[in-house]
Amino acid sequence: MRTILHIDFNSYFASVEQQANPRLRGKPIGVTGGDRIKRTVLGAASIEAKKFGVKTGMQIWQARKLCPQIILVPGDSDKYLEVTKRFLKILKDYSPYLEVFSIDECFLEVTGDRLQATEIAKEIKKRIKTEIGEWITCSVGISYNKLMAKLAGSLQKPDGLVIIPNQEEAIRILDRIELDEICGI
């Protein structure tokens, strides 16, 4: 039986910064493009900033308007890449069938049924907490193909775990979501 896990870090750049600097934890932060703080967009918004309506890709002036207390942190691509390497090392323990989708998300094909895949997902989430950092969370979607696994992972954020077990359930979910919630649209 083909089972795909889509693992996606939540507010990746911001969470990595919060993990590295405990004084930023629990606060609304926005990660900027390095020294271009005045005229740029946010590379990431923390979970706390998102509660104010701040979004990744938003212009900084807009983010400050929605959340005047936002703390801007210069991005550090070397730091994020190092965390990604550690993340990929964990995933390789579960399957050689790994596809990196972006710096903070990938697909993992595992053998076995959905129950086994759920246990693998829980173990991966636990290992991320212990081996990468307690402030770092991910959402996991499990399904029979990559598109449905990615959709499943987007349904419960942050730190979710959702299964779309079959086509019947996929159709039920697809009927109730907006078209642009599907990856690629």
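About the thresholds
- Residue positions are given per chain, counted from 1 along the sequence in the order it is written.
- Owing to the predicted nature of the model, reporting of local features is limited to residues with pLDDT of at least 70; listing and counting of side-chain atom pairs is limited to 80 or more, with chain, interface and lining totals taken over all residues.
- Side-chain numbers come from the whole structure's heavy atoms, not from hydrogens or water.
- Two strands qualify as a pair provided DSSP detects at least 2 bridges between them.
- Helix and strand labels come from DSSP, where a helix needs a run of H or I of at least four residues and a strand needs a run of E of at least two; each type is numbered from the N terminus.
- Axis lines are fitted to C-alpha atoms, over the contacting stretch for helices. Their N-to-C directions set the angle, which ranges from 0 to 180 degrees.
- Should any heavy atoms of two residues lie within 4.5 Å, those residues are counted as being in contact.
- A pair of aromatic rings is counted whenever rings of Phe, Tyr or Trp (Trp by its six-membered ring) have centres within 6.5 Å, and the orientation is called stacked for planes under 30 degrees apart, edge-to-face for over 60 and tilted otherwise.
- The criterion for a charge sitting over a ring is simple: Lys NZ or Arg CZ within 6 Å of the ring centre, and within 35 degrees of the ring normal.
- In the analysis that follows, any N or O atom pair within 3.5 Å is treated as a polar contact, provided that within protein one partner can donate a hydrogen and the other can accept it, and provided that, for residues neighboring in sequence, both atoms belong to side chains.

Chemist: Looking at this structure, how should I read the sheet that holds strand β6 (residues 105-110)?
Modeler: In a beta sheet, neighbouring strands pair by backbone hydrogen bonds and run either parallel or antiparallel. Read from one edge to the other, the open sheet built from 5 strands follows the order β5-β6-β1-β7-β8, with strand pairing classed as mixed. Each having just a single partner strand, β5 (98-102) and β8 (161-164) make up the two edges of the open sheet. The sheet shows a mean angle of 20° between the axes of neighbouring strands, taken without regard to direction. Pairing between strand β1 (residues 3-9) and β6: 6 bridges, direction antiparallel. Pairing of L5 across the sheet is with L108, part of β6. In the packing of helix α5 (residues 114-132) onto the sheet, the strands contacted are β1, β6, β7 (138-143) and β8, and the crossing angle to β7 comes to about 165°.

Chemist: Sorry if this is basic, but what is going on with the packing of aromatic side chains here?
Modeler: Each aromatic ring pair is specified by the distance between its two centres and by the angle formed by the two planes. As enumerated under the stated definition, the model contains 6 aromatic pairs in all. Centroid distance F101 to F107: 5.5 Å. Interplanar angle 80°. Geometry classified as edge-to-face. Joined through ring pairs, the aromatic side chains of F9, Y12, F13, Y80 and F87 make up one cluster. Seen from the ring of F107, K146 lies directly overhead, with NZ or CZ sitting 5.6 Å from the centre.

Chemist: It is not clear to me how the side chain of D8 should be interpreted in this structure. Could you clarify?
Modeler: Along the polypeptide, D8 turns up in strand β1. Among the polar contacts listed, one links the side chain of D8 to the side chain of K157, at a separation of 2.8 Å. Non-local contacts of D8, meaning those with residues more than four positions away in its chain, are made with D104, E105, C138, S139 and K157.

Chemist: Sorry, what's going on with the sheet that holds strand β3 (residues 44-45) here?
Modeler: One open sheet holds the 3 strands; their spatial order is β3-β2-β4, and the pairing between them is mixed. The open sheet has two free edges, formed respectively by β3 and β4 (71-74), since each of these has just one partner strand. In the sheet, strand β2 (residues 29-32) pairs with β4 via 4 bridges, with the strands oriented parallel. Looking at the pairing, G30 lines up with L72 of β4. Helix α1 (residues 12-20) contacts β2, β3 and β4 of the sheet and is inclined by roughly 110° relative to β2.

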